[in-house]
Amino acid sequence: MRTISPRAVLRRAAGGFAAVGLLAAGSLALGTPAQAAGPELVIGGPAATALHPYRASGSPRKSTVGITVDNPSRNGEPGTFDGDFTVTFDLTGIAGIADAAFGESGGADCEVTGPTAVCRGHGLGPGRSALAELELSAAEGSRIGDSGTIRATGKADGATFTAFSTEAVIGGPDLVMERLPLKQDLKPGETQPVPVTFTNNGTRAADGVLLTLMYTRGLDFVERYANCEYSEGEAGRGFPAGTTARCSVPGTYEAGATYRLAVPLSLKATEHAFHDTFVYRIDEDVPGQGAQRSAASAGAGKGAALTLKEAATVRGVDLDPRDNQQEADFVTANSADFVAYGARARGAAGETVAATIGFRNKGPAWVGHLRSGEPVATVDFTVPEGASVTGSPAACRGVTADGQYRESRSGAPRYVCDTSMAVRDGADFALRFHLKIDKVVTGASGAVTVRAPRLAESAKLPFDPKPGNNTALLVLNSDNGDGGSGSTASGGASGSGSGSGSAGPATASGSTTGSGATSNGSTTAGAATGGSTTAGSTGGSLASTGTVALPVAAGAAVALAAGGVLYATARRPQRG
């Protein structure tokens, strides 16, 4: 018996943006849990699935029904269900209409016996988990338009299950998005037409369609339409990584016909463009698509209505949602200036001081490695002489002086800190270190360098035209006689005199989250422990130590396979 992992499964629903990524088809139908003392486990899956008509020769064409189990939080606290459970499927409703079998994916042991299928498992983490993939194919003797219902119930000691049902329908529309010959090497400000075109290769007409357009931060559409809902995608808390437009277009879209936009869209590379992605998808606009359809029908755009026309005649639920979507990647001739900043701190032997170092993306481009998911850059920090690191951010790892592996994080002579896969224009990658002054070394300094993640290739950032500002210094106990005060940089603050003190308020542009953040992008400084800290101008742009700096534009797990969804997440300021 296998244990279901607590990972969330991808919905068969055209989703929002999260990611650089894709949008899935269909929708999830979840039952309403009954009140009970134990966990309330919810079986889910698509509301309906279309099956290709039966064919007398060749292998049957199968459609997959992803079945999930949701273990919601109780009293606001997520928990794991550790018991055994059984989910039973009643297949009598599809007798003579569809044949059922289980695929290899899923977290439970499942088998089909006549008109019944049973899945057995143990343990459910919080959130939605994949139970099984039920593979359906049209039965011999079935006809287009036939439909039947599969019902699922669950049983477990110490838990309750909701009942779930899903429809299997023979035939349906099959909307296929045509891949467009888009120009992919661009310049900021360049615009090109996007004549979205699709064909219905199915067995019946589609009653209205839902056109979904997802485009990352460096792209935008010139037009905004009245029958489209536009939403900003977020890579976590407040970082706008891109936009999703969902456009509800009424009409009857006949089987065997091809349709395109009556007026092509105009796609523009903005001043922030660099490496960007555009996803375009078509689905039947049916009530089963729930929130997607209601959002699109709300009409947030202020322009004319987006319309479609029949392009050429070659005389439910989509038969093959894998071909509903196309995507394109763009490279825009642009650059991003990553500016490193260091800090100054002062303390007596035995004291611990806090210092915030890192870099800011001065733009104009945002930078994202959305396909590979690799870090955009690395901050390389050498610890000043006479000090040892007692606390470092989670994004950092301690290494030897020559950059080799070191088991312990604390007390390393050097630290390397990777960004996530995306860094927004205006973002601040702030790293807060705590350093113990083991011995006072007047003016001891350590380099803070923002560089490419792989030193073996080249330390230079390929998109950064100003490598001269990629390095700054963290200076301890400066001998310039300033007594802990100094000139401010980038809104930095002057601190108190020697002894215990705290940094003053500092501001910086960019998306903000976390403690001390305000809506206009400013952040208030935290307190240094033990010694005083100040901003200065040593070796490059310096920021006030102790500052709760703005988060880097963010990282994420990007699903870049058909039917996936691009999700992105933002990072809080990295603290030691």
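What this report covers is the structure whose coordinates are included nearby. All figures in this text were calculated on a predicted structure; none of them were measured in a lab.

Rules behind the numbers
Residues numbered from 1 in each chain as written. Predicted model: local features only at pLDDT ≥ 70, side-chain atom pairs only at ≥ 80, totals over all residues. Heavy atoms only, no water. Helix = DSSP H or I, 4+ residues; strand = E, 2+ residues; numbered from the N terminus. Buried < 20%, exposed > 50% of the residue type's maximum accessible area, 1.4 Å probe, protein only. Polar contact = N/O pair within 3.5 Å; in protein donor to acceptor, adjacent residues only side chain to side chain. Contact = heavy atoms within 4.5 Å. Phe/Tyr/Trp six-rings, centres within 6.5 Å; stacked < 30°, edge-to-face > 60°. Lys NZ or Arg CZ within 6 Å of the ring centre and 35° of its normal. Pairing = 2+ DSSP bridges. Axes fitted to C-alpha atoms, helices over the stretch in contact; angles between N-to-C directions. Disulfide = S-S within 2.5 Å. Salt bridge = Lys/Arg side-chain N within 4 Å of Asp/Glu carboxyl O.

## Here we look at the side chain of Ser63
Here comes step 1: Positionally, Ser63 belongs in strand 4 (residues 63-71).
Here comes step 2: Residue class for Ser63 comes out buried when judged on its relative accessible area of 7%.
Here comes step 3: Of note is the side chain of Ser63, whose polar atom sits 3.0 Å from the backbone oxygen of Ala50.
Here comes step 4: What Ser63 contacts, discounting residues up to four positions off in sequence, is Thr49, Ala50, Leu51, Leu134, Glu135, Leu136 and Leu319.

## Examining the environment of Gly45
Here comes step 1: As for its position among the elements, Gly45 is in strand 2 (residues 40-46).
Here comes step 2: As a C-alpha pair, Gly45 and Val69 span 24 residues in sequence and 8.8 Å in three-dimensional space.

## Observations regarding the packing of aromatic side chains
Here comes step 1: On inspection of all chains with the given rule, the structure shows 14 aromatic pairs.
Here comes step 2: Measuring from centroid to centroid gives 4.9 Å for Tyr253 and Tyr259, while their planes differ by 80°, and the two rings are edge-to-face.
Here comes step 3: The exposure class assigned to Tyr259 is buried, which follows from its relative accessible area of 5%.
Here comes step 4: One aromatic cluster is present, built from ring pairs that chain together Phe274, Phe338, Phe359, Phe429 and Phe463.
Here comes step 5: Lying across the ring of Tyr230, Arg224 places its NZ or CZ 4.1 Å from the centre.

## Looking at the environment of Gly202
Here comes step 1: Within the element layout of this structure, Gly202 appears in the loop between strand 16 (197-200) and strand 17 (206-216).
Here comes step 2: What makes Gly202 buried here is its relative accessible area of 16%.
Here comes step 3: Sequence spacing of Gly202 and Leu175 is 27 residues, and the spatial spacing of their C-alpha atoms is 7.1 Å.

## Observations concerning the pairing of strand 4
Side-chain direction in a regular strand flips from residue to residue, so the side chains alternate between the two faces of the sheet.
Here comes step 1: Burial runs high along strand 4: 7 of the 9 residues are buried.
Here comes step 2: Taken together, the 3 bridges between strand 2 and strand 4 define a ladder with antiparallel strand orientation. Bridged to Gly44 within strand 4 is Thr68.
Here comes step 3: Relative to strand 9 (residues 127-138), strand 4 is paired through 9 bridges, and the arrangement is antiparallel.

## A short note on unusual backbone geometry
Leave glycine aside and you will find that most residues have negative phi; peptide bonds, for their part, are mostly trans.
Here comes step 1: Between Gly363 and Pro364 the backbone carries a cis peptide bond, its omega angle lying at 5°.
Here comes step 2: Topologically, Pro364 is positioned in strand 27 (residues 352-364).
Here comes step 3: In this structure, Asn477 is a non-glycine residue whose phi angle is positive, near 50°.
Here comes step 4: Assignment of secondary structure puts Asn477 in the loop between strand 36 (471-476) and strand 37 (506-507).

## Remarks on the sheet that holds strand 22 (residues 265-269)
Here comes step 1: Within the open sheet, the 3 strands sit side by side as 15-22-18. Their pairing is antiparallel. Where the open sheet ends on each side, the last strands, each with one partner, are strand 15 (191-194) and strand 18 (219-221). Neighbouring strand axes in the sheet, compared pairwise and without regard to direction, differ in orientation by 30° on average.
Here comes step 2: One ladder, built from 3 bridges, connects strand 18 with strand 22; its direction is antiparallel. Paired with Leu219 across the two strands is Ala269, which belongs to strand 22.

## Structural notes on the sheet that holds strand 7 (residues 109-113)
Strands belonging to one sheet form pairs held by backbone hydrogen bonds; the direction of such a pair is parallel or antiparallel.
Here comes step 1: As summarised here, the arrangement of the 6 strands in space is 3-12-10-5-8-7, forming an open sheet in which the pairing is mixed. For this open sheet the edge positions go to strand 3 (48-51) and strand 7, each flanked by a neighbour on one side alone. For this sheet, the mean angle separating the axes of adjacent strands, direction not counted, is 20°.
Here comes step 2: Judged from the 8 bridges that link them, strand 5 (residues 81-90) and strand 8 (residues 116-124) form a sheet pairing that is antiparallel. What sits directly across from Phe89, in strand 8, is Ala117.

## Some points on the state of the cysteines
Here comes step 1: Here the structure, examined in full by the defined rule, presents 3 disulfides.
Here comes step 2: There is a disulfide in this structure between Cys110 and Cys119, and the S-S distance comes to 2.1 Å. Disulfide Cys110-Cys119: torsion about the S-S bond near 115°, hence right-handed.
Here comes step 3: Through a disulfide, Cys228 is tied to Cys247; the S-S separation comes to 2.0 Å. The disulfide joining Cys228 to Cys247 has a torsion of about 110° about its S-S bond and is therefore right-handed. Taken together, the positions of Cys228 in strand 19 (residues 228-234) and Cys247 in strand 20 (residues 240-253) put the pair 19 residues apart, joining distant regions of the chain.

## Thoughts on the pattern of salt bridges
Here comes step 1: Enumeration over the complete set of coordinates arrives at 13 salt bridges.
Here comes step 2: Residue Asp329 pairs with Arg371 through a salt bridge whose shortest N-O separation is 2.9 Å. With Asp329 in strand 25 (residues 325-332) and Arg371 in the loop between strand 28 (367-368) and strand 29 (378-382), the pair connects residues that are 42 residues apart, well separated along the chain.
Here comes step 3: According to the relative accessible area criterion, Asp329 is partly exposed, its value standing at 29%.
Here comes step 4: Judged by relative accessible area, which is 36%, Arg371 ranks as partly exposed.
Here comes step 5: A salt bridge links Asp380 to Arg414; its shortest N-O distance comes to 2.6 Å. Here Asp380 is found in strand 29, whereas its partner Arg414 is found in strand 32 (residues 414-418), with 34 residues between them in sequence. One exposure class covers both Asp380 and Arg414, and it is buried.
Here comes step 6: Each of Glu327, Asp329 and Arg371 takes part in a single network of salt bridges with overlapping partners.

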